Amino acid sequence: MLASLKNVSKVFVNPRTGKGLVALNDVSIQVEQGDFLCLIGPSGCGKSTTLNLLAGFELPSEGEVLFKGKPITGPSPERGVVFQEFSLYPWMNVLQNVAFSVRSGNRSEREEIARKHLGLVGLLDFAHAMPNELSGGMKQRVAIARTLAMDPDLLLMDEPFGSLDEQTRRKLDNEVLSLWKGQGKTVVFVTHSIEEALMLGTRVVLMSASPGRINQEWKIDLPWPRDPLSPEMTALKKDIVKSLQVCSCANGASQGGFITISGSEE
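Residues numbered from 1 in each chain as written. Predicted model: local features only at pLDDT ≥ 70, side-chain atom pairs only at ≥ 80, totals over all residues. Heavy atoms only, no water.

Caption draft 1: Up close: the overall build of the chain. Along the chain, the regular secondary structure elements total 7 helices and 11 strands. Viewed in the frame of its principal axes, the chain has a C-alpha envelope of about 60 × 50 × 35 Å. For the chain, with 266 residues in total, the buried portion stands at 47%. The long-range fraction of contacts in the chain, counting pairs at least 24 apart against all pairs at least 6 apart in sequence, stands at 69%. For the chain, the exposed surface amounts to about 13200 Å²; the carbon and sulfur share of it is 52%. (Helix = DSSP H or I, 4+ residues; strand = E, 2+ residues; numbered from the N terminus. Buried < 20%, exposed > 50% of the residue type's maximum accessible area, 1.4 Å probe, protein only. Contact = heavy atoms within 4.5 Å. Areas by Shrake-Rupley, 256 points an atom, 1.4 Å probe, with all protein chains shown as cover.)

Caption draft 2: A look at the pattern of salt bridges. Counted under the stated rule, the structure contains 14 salt bridges. Of the charged contacts, one joins Lys 68 and Asp 153 as a salt bridge, the two residues approaching to 2.7 Å between their closest N and O atoms. One end of the pair, Lys 68, is in the loop between strand E4 (62-67) and strand E5 (70-71); the other, Asp 153, is in the loop between helix H4 (136-149) and strand E7 (154-158), and 85 residues separate them in sequence. On the basis of relative accessible area, Lys 68 is assigned to the partly exposed category, the value being 43%. Judged by its relative accessible area of 28%, Asp 153 falls in the partly exposed class. (Salt bridge = Lys/Arg side-chain N within 4 Å of Asp/Glu carboxyl O.)

Caption draft 3: Structural view of the side chain of Lys 185. By secondary structure assignment, the location of Lys 185 is in the loop between helix H5 (166-183) and strand E8 (186-190). Exposure remark for Lys 185: the relative accessible area of 9% places this residue in the buried category. Reaching out from Lys 185, the side chain makes a polar contact with the backbone oxygen of Pro 152 at a distance of 2.8 Å. Excluding anything up to four places from it in sequence, Lys 185 contacts Gly 34, Asp 35, Asp 151, Pro 152 and Trp 180. (Polar contact = N/O pair within 3.5 Å; in protein donor to acceptor, adjacent residues only side chain to side chain.)

Caption draft 4: Structural context of the packing of aromatic side chains. The tally for this structure, following the rule as stated, stands at 7 aromatic pairs. Relative to Trp 180, the ring of Phe 36 has its centre 5.4 Å away and its plane inclined at 85 degrees; by these criteria the two rings are edge-to-face. Pair noted here: Phe 36 is in strand E3 (residues 36-40) and Trp 180 is in helix H5, with a separation of 144 residues, a long-range link. Per residue, the accessibility class of Phe 36 equals that of Trp 180, and both read buried. Centre to centre, the rings of Phe 161 and Phe 189 are 6.3 Å apart; their planes meet at 55 degrees, and the pair counts as tilted. Here Phe 161 is found in the loop between E7 and H5, whereas its partner Phe 189 is found in strand E8, with 28 residues between them in sequence. With respect to class, Phe 161 is no different from Phe 189; both count as buried. Among the aromatic residues, those joined into a cluster by ring pairs are Phe 36, Phe 161, Trp 180, Phe 189 and Trp 224. Arg 79 extends its terminal NZ or CZ atom over the ring of Phe 67, reaching a point 5.3 Å from the ring centre. Its end group placed over the ring of Phe 100, Arg 103 keeps NZ or CZ at 5.1 Å from the ring centre. (Phe/Tyr/Trp six-rings, centres within 6.5 Å; stacked < 30°, edge-to-face > 60°. Lys NZ or Arg CZ within 6 Å of the ring centre and 35° of its normal.)

Caption draft 5: Spatial organisation of helix H3 (residues 107-120). Here H3 spans 20 Å end to end across 14 residues, near enough to the 20 Å set by a 1.5 Å rise per residue. For H3, the complete set of buried residues consists of Glu 111, Ala 114, His 117 and Leu 118. With its buried residues spanning 125 degrees around the axis, H3 presents them on a single face. Buried-residue contacts for H3 involve helix H2 (94-99), H4 and H5. Gly 122 occupies a position one or two residues after H3 and carries a positive phi of about 75 degrees. (Expected span 1.5 Å × (residues − 1). Arc of directions from axis to C-beta.)

Caption draft 6: Geometry of helix H1 (residues 47-55). Among the 9 residues that make up H1, 7 are buried, leaving the element largely enclosed by the rest of the structure. When H1 is considered as a whole, its buried residues turn out to be Lys 47, Thr 49, Thr 50, Leu 51, Leu 53, Leu 54 and Ala 55. Just past H1, the residue Gly 56 takes up positive phi, approximately 90 degrees.

Caption draft 7: Structural context of unusual backbone geometry. The residue after Trp 224, namely Pro 225, is reached through a cis peptide bond having omega -5 degrees. Within the secondary structure, Pro 225 is located in the loop between strand E10 (213-219) and helix H7 (231-252). Look at Lys 68: it is not a glycine, yet its phi comes out positive at around 55 degrees. In this structure, Glu 159 takes a positive phi of about 45 degrees despite not being glycine. With respect to the helices and strands, Glu 159 occurs in the loop between E7 and H5.

What follows is the structure, encoded as structure tokens:
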């Protein structure tokens, strides 16, 4: 097992009111070596919080978050993150942005590694372009190259293509899938799209909201490329949609994920 959450709860406390938002409640997930694990669920179900815990940006309120059997206590280059936003340094060109993530070697060695990874995402010809000269899809490809240049064991992707048009999104999904196959990485991928999860994932985990829990998991054994209109994919999507509707209705009837940590409720 590469990474795991064991009985993890996460509470975000407002120090002014003493109230806490329970983002995750008793969540357990195992990430195996070579997984392409897709997290789906309604807004507010804790998908990004789960990713931030695996990245080391947040620490659990209860439970354990482990990487290679050891507690995660902070960020590490072994766990690379691709964010929702186009998180490039605007004063650096494309090559410099990617080379910045390489922590070993002299300048020419770092730039050589950067060129290799720009080649993997098809942007070597844009090595000297500035971020403001790139389209949104190109910026995310640079961000992916920068993260891969760190050579992480675990790649964490938080809705990386959510703001892009459908055609660009499908193209980048295919590129990420090819990189995952070619480099043997392990991926945890957050998305709101059931179809995207089914097209990419070896496993799909559905979370329910307020507070976030694991609702159900599907193991996807279908080969790639996958046909979204095939009987198998259609049946899987129908099952996930049904489960999503059930957990969303249950969440709508709940009292939400707020608790009082100190003081009294207003």
